[in-house]
Amino acid sequence: FKNYGFANQTNTTKRNSNALWTDAAKTMIDGVELGAFYTLFVPTNAAIEEAVKAGRLPGDPVTGAPEFDRNDQSAPHQDAVVRMIKYSIMNMPVNSSVAVDGKKDGAFTTILKNAINESRILTVRYAPNKAPGTMELVDDTPVPNVATVNLPASNNVSNRALIHSINKVLKF
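Residues numbered from 1 in each chain as written. Predicted model: local features only at pLDDT ≥ 70, side-chain atom pairs only at ≥ 80, totals over all residues. Heavy atoms only, no water.

Novice: Break down the overall build of the protein for me, with residues and values.
Specialist: Helices and strands together make up the secondary structure of the protein, namely two helices and eight strands. The N-to-C order of helical and strand elements in the protein reads β-α-α-β-β-β-β-β-β-β. Here the protein, with 172 residues, has 42% of them falling under the buried criterion. Considering only contacts within the protein whose residues lie at least 6 apart along the sequence, 52% involve residues at least 24 apart. Taken as a whole, the protein presents about 8800 Å² of accessible surface, with 54% of it coming from carbon and sulfur. (Helix = DSSP H or I, 4+ residues; strand = E, 2+ residues; numbered from the N terminus. Buried < 20%, exposed > 50% of the residue type's maximum accessible area, 1.4 Å probe, protein only. Contact = heavy atoms within 4.5 Å. Areas by Shrake-Rupley, 256 points an atom, 1.4 Å probe, with all protein chains shown as cover.)

Here's what the structure looks like:
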């Protein structure tokens, strides 16, 4: 991935997002707690570009190039980037994550809250045979987006987090 939204903060390209921090001294994403477990779903570059072209994320609607530099964004664009990233992070029970292995499915909370401070939900589902390559994410909108997990670029382990690549930006 180029990781448009999760790029290294020392990189100075305009594709970096500092929208998740309330001040420059913070080193954690707002809503993420120390010691907690998370599963992250990172959209591919093509998925982010598709969302930009559709007007769901800030950037060039013709080329799909995202604009994630907070200093160049309006407040609604900043909010869209934050909501997209937070909706891609699942809260997990202690010592738990959702791997692409067919063992866990169902509804999981994310760190994104709705207007009444309830966690937004992502549903993990598999084909009936529960084959790992069939893992999908379904967002909680009335007409949901269904994202497929990119198995070769998934199951990346981080400190208390498991990271997967998905082929769509979820509806945040």
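Novice: Describe the confidence of the model for the protein, and please don't skip the residues or the numbers.
Specialist: For the protein, per-residue confidence averages 82 on the pLDDT scale, and residues scoring 70 or more make up 84% of the total. The element-level mean pLDDT for the protein is lowest in strand 7 (residues 156-158), coming to 82, with helix 1 (residues 45-53) highest at 96. Residue range residues 1-23 is modelled with pLDDT below 50. Its contacts to residues more than four positions away, or to other chains, number 57 contacts. (pLDDT = per-residue confidence, 0-100.)

Novice: Outline the nonpolar core, listing residues and values.
Specialist: The biggest cluster of nonpolar side chains holds 36 residues, and the ones touching the most others in it are L57, M90 and L137. Of all the secondary-structure elements, those providing two or more residues to this core are strand 1 (37-43), helix 1, helix 2 (75-87), strand 2 (89-92), strand 3 (106-113), strand 4 (119-125) and strand 8 (161-166). Counting residues per element, this core draws most heavily on helix 2, which supplies five residues. Leave out the neighbours within four places in its chain, and L137 touches F41, M90, L122, T123, V124, N145, V146, A147, I166 and L170. (Core = buried A, V, L, I, M, F, W, Y, C linked by side-chain atoms within 4.5 Å.)

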